[in-house]
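As a plain string of letters, each chain reads:
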Amino acid sequence: HKTLSLTVLGRTQIFQPTAAGISIGRSTEASLPVLDPRVSRVHATICNRGGQIVLSDVSSFGTWVYFGDHTEAVALRRTECFLVGYGQLSLGCKMDADKAPLVGFEVR
């Protein structure tokens, strides 16, 4: 089983995503709460689909995925992508925005 580490504001949580998935968002019910006005209540979900870790954006403003040390992002707007390796998720705005809500990820 793949494990997923998610880091917000220096705090890392380890997940083993299942088909049911985990949620990232402003809601206190989210598996990983991120408190920022640009983040939707349920902003994104991450699930295990056939052994692949899949990030789905379900937000109002989108999710930017930066893989590794790349400065170019994969922009998601109500779409999804596979998460591989490590990188950063920027929720609701690009990473270079003022105090962008960032989530570090690593898939193992």
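Draft legend 1. Region of interest: the nonpolar core. With 23 residues, the main nonpolar core has Leu-6, Ile-46, Val-65, Leu-83, Leu-89 and Phe-105 as its most contacted residues. Where this core is concerned, the elements lending two or more residues are strand 1 (4-8), strand 3 (22-25), strand 5 (44-49), strand 6 (52-57), strand 7 (63-67), strand 10 (86-91) and strand 11 (102-107).

Draft legend 2. Quick peek at the sheet that holds strand 7. On the basis of which strands lie adjacent, the open sheet formed by six strands has the order 2-1-11-10-7-8 and antiparallel pairing. Strand pairing shows two members of the sheet lacking a second neighbour, strand 2 (11-15) and strand 8 (74-76), which therefore form its edges. Within this sheet the neighbouring strands show an average axis-to-axis angle of 25°, counted without direction. Here strand 7 pairs with strand 8 via three bridges, running antiparallel. Looking at the pairing, Thr-63 lines up with Leu-76 of strand 8.

Rules used throughout
Residues numbered from 1 in each chain as written. Predicted model: local features only at pLDDT ≥ 70, side-chain atom pairs only at ≥ 80, totals over all residues. Heavy atoms only, no water. Core = buried A, V, L, I, M, F, W, Y, C linked by side-chain atoms within 4.5 Å. Buried < 20%, exposed > 50% of the residue type's maximum accessible area, 1.4 Å probe, protein only. Helix = DSSP H or I, 4+ residues; strand = E, 2+ residues; numbered from the N terminus. Pairing = 2+ DSSP bridges. Axes fitted to C-alpha atoms, helices over the stretch in contact; angles between N-to-C directions.

Any functional reading would require information that these geometric values do not contain.
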